[in-house]
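What the coordinates show
Spelled out from the first residue to the last, the chains are:
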Amino acid sequence: MRNLLRSAAGVDRLVPYEDAVLALGRRGDMLEYHDDVRVERIVGTVGRAEDFDAEFRLRNSDLRDRWDAVADLMARPGGPVARIDLLRLGEMYFVVDGHHRVSVARARGHAVIPARVRWVCTVAYALACLRVMHLPSKAAEREFLTRIPLPDPVRTELWLDRSADWMRLADAAEAWGFRESLRDAPLTDRRALAERWWEQEVVPLVRHLRRAGVGVGLRDIQLYAAATTTRDRRGEGSWPPLAGGDELRPAWAGGKGEPHRG
């Protein structure tokens, strides 16, 4: 975690692959393929974070001659340009070989660049907007998913800004599972607990809040986390039931707009 916090200070840096995969948690390789990759999705590097900034502009002046030579080659009409080598984490790409070609492509406004891609699966999903500053929160999300292993379709939509919120949600999910076990058969399988918590607790609450006009612009997990924080601040142990009893509602859900984020 200390390395991740140090990395978070360099907001103008490329995302180092090793830091990202440590935060997200590696689950194994998925596949290898050729593709024309959107240049804007190439935001990281394997081993050259000090040579280029977050926009792939040169930081190391000693590389200028090499950059100019690559730029001349790529400017030749019909000139062959070898595919770059990339590692993919979710929606993010990291350069293994071809940093100068990416830099030139960014400078010239190219939309795509031909690449060989190896897709690496991770525990926490890497959204395209992920940057160095977000790695501590993603590391906390990985720990959350170890305790509450949500299904893959849910994982691709997860995002919270604050690391502490993930641990609060893990505690809330486990407490919910304990209460459910008292009413029904014990939930001994964590995947079953995670799936039931999401479908029977998170989804109904979020659906009700959105119908009430609350949480516009928030992801489902962000809205649920905000509601949980508000409930806990009020010292309430559960959601007050609606008249029909089939949905849940925090005290502030009757109004419009977003809940207080603190």
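Per chain, residue numbering runs from 1 following the sequence as it is written. The model is predicted, so local features are restricted to residues of pLDDT at least 70 and side-chain atom pairs to those at 80 or more, both for listing and for counting; the totals for chains, interfaces and linings are taken over all residues. Note that water and hydrogens are dropped before the side-chain values are worked out from all heavy atoms of the structure.

**Regarding the overall build of the protein chain**
By definition, any uninterrupted DSSP run of H or I lasting at least four residues is a helix, any uninterrupted run of E lasting at least two residues is a strand, and each is numbered from the N terminus. Secondary structure summary: the protein chain contains nine helices and six strands in total. Partly exposed describes any residue whose relative accessible area lies between the buried limit of under 20% and the exposed limit of over 50%, with all areas from a 1.4 Å probe on protein chains only and scaled to the type maximum. Split into buried and exposed, the 262 residues of the protein chain put 47% on the buried side. Taken as a whole, the protein chain presents about 13200 Å² of accessible surface, with 49% of it coming from carbon and sulfur. For the area figures, the Shrake-Rupley method with a 1.4 Å probe applies, and any residue is considered shielded solely by the protein chains shown.

**Details of the confidence of the model for the protein chain**
Predicted confidence across the protein chain gives a mean pLDDT of 85, with 85% of residues reaching 70 or more. pLDDT expresses how confident the predictor is about each individual residue, on a scale running from 0 to 100. We call two residues contacting when some pair of their heavy atoms lies within 4.5 Å. Low pLDDT (under 50) marks residues 1-10, which in the prediction has 16 contacts with non-local residues, meaning those over four places away or in another chain. Within the model, pLDDT remains below 50 along residues 242-262, and this stretch shows 59 contacts once partners closer than five positions in the same chain are excluded.

**A closer look at the packing of helix α7 (residues 163-183) against helix α9 (residues 220-233)**
Comment: axis = line fitted to C-alpha atoms, over the contacting stretch for helices; angle = value between 0 and 180 degrees taken between N-to-C directions. Two numbers describe how α7 lies on α9: the axes approach to 11 Å, and their chain directions differ by 75°. For the element pair α7 / α9, the angle class is roughly perpendicular. In this structure, α7 uses W166, R168 and L169 to contact α9, whose residues at the interface are I221, Y224, A225, T228, T229 and D232. Polar here means any residue outside two lists: the nonpolar Ala, Val, Leu, Ile, Met, Phe, Trp, Tyr, Cys and Pro, and the charged Asp, Glu, Lys and Arg; Gly therefore counts as polar. Within the contact of α7 with α9, the residues separate by chemical class into five nonpolar, two polar and two charged. Should an angle fall under 35 degrees it is taken as roughly parallel, and over 145 as roughly antiparallel, whereas 65 to 115 is taken as roughly perpendicular and any remaining angle as oblique.

**Quick notes on the pairing of strand β3 (residues 42-45)**
With two bridges joining them, strand β1 (residues 15-16) and β3 adopt parallel strand pairing. By the bridge assignment, P16 is partnered in β3 with T45. A strand pair is defined by DSSP finding two or more bridges across the two strands. Pairing geometry for β3 and strand β5 (residues 92-97), over three bridges, is parallel. The partner of T45 across the bridge, within β5, is V95.

**Quick look at α7**
Given a rise of 1.5 Å per residue, 21 residues ought to cover 30 Å, and the 32 Å separating the end C-alpha atoms of α7 matches this to within 8%. Listing the buried residues of α7 in full gives D165, W166, L169, A170, A172, A173, W176, G177, E180 and S181. Taken together, the buried residues of α7 touch α5 (135-147), α8 (190-211) and α9. Expected span of a helix: the number of residues minus one, times 1.5 Å.

**Observations concerning the pattern of salt bridges**
The salt bridge criterion pairs a side-chain nitrogen of Lys or Arg with a carboxyl oxygen of Asp or Glu, the two atoms within 4 Å. Enumeration according to the criterion identifies 24 salt bridges in this entry. For R190, the salt bridge goes to E174, with nearest N and O atoms at 3.1 Å. With R190 in helix α8 and E174 in helix α7, this pair connects stretches of sequence that are 16 residues apart. Residue class for E174 comes out partly exposed when judged on its relative accessible area of 24%. Salt-bridge contacts for R231 lead to D232; the nearest nitrogen and oxygen are separated by 3.5 Å. R231 sits in the buried class, given a relative accessible area of 9%. Here the salt bridges share partners, and the residues they tie into one network are R147, D171, E174 and R190.

**Points about helix α3 (residues 64-75)**
Spanning 12 residues, α3 covers 16 Å between terminal C-alpha atoms, matching the ideal 16 Å at 1.5 Å per step. The set of residues buried in α3 consists of W67, V70, A71 and M74. Buried residues of α3, seen end-on, are gathered within an arc of 105° and therefore sit on one face of the element. Facing away from the buried side of α3, by more than 90 degrees, are the exposed residues D65 and D72. Contact partners of the buried residues in α3: α4 (99-107). The directions considered for the arc run from the helix axis to the C-beta atoms.

**Some remarks on the environment of E157**
Following the sequence through the fold, E157 ends up in the loop between α6 (152-155) and α7. Of the residues examined, E157 reaches a relative accessible area of 48% and is grouped as partly exposed. Note: C-alpha distance between E157 and A126 (31 residues apart in sequence) is 9.7 Å.

**Comments concerning the packing of aromatic side chains**
Aromatic rings from Phe, Tyr and Trp, taking only the six-membered ring of Trp, are treated as a pair when their centres fall within 6.5 Å; an angle between ring planes under 30 degrees marks them as stacked, one over 60 as edge-to-face, and anything in between as tilted. By the definition in use, this model includes six aromatic pairs. With a centroid separation of 6.0 Å and 45° between ring planes, the pair formed by F52 and F56 is classed as tilted. For the pair formed by F52 and F56, the shared burial category is buried. Taking the centre distance of 6.2 Å and the plane angle of 65° together, the rings of W197 and W198 count as edge-to-face. When its relative accessible area of 0% is taken as the criterion, W197 is described as buried. According to the relative accessible area criterion, W198 is buried, its value standing at 9%. The residue whose ring lies beneath R64 is W67, and the NZ or CZ to ring-centre distance is 5.1 Å. Criterion for a charge above a ring: Arg CZ or Lys NZ at most 6 Å from the ring centre, at most 35 degrees from the ring normal.

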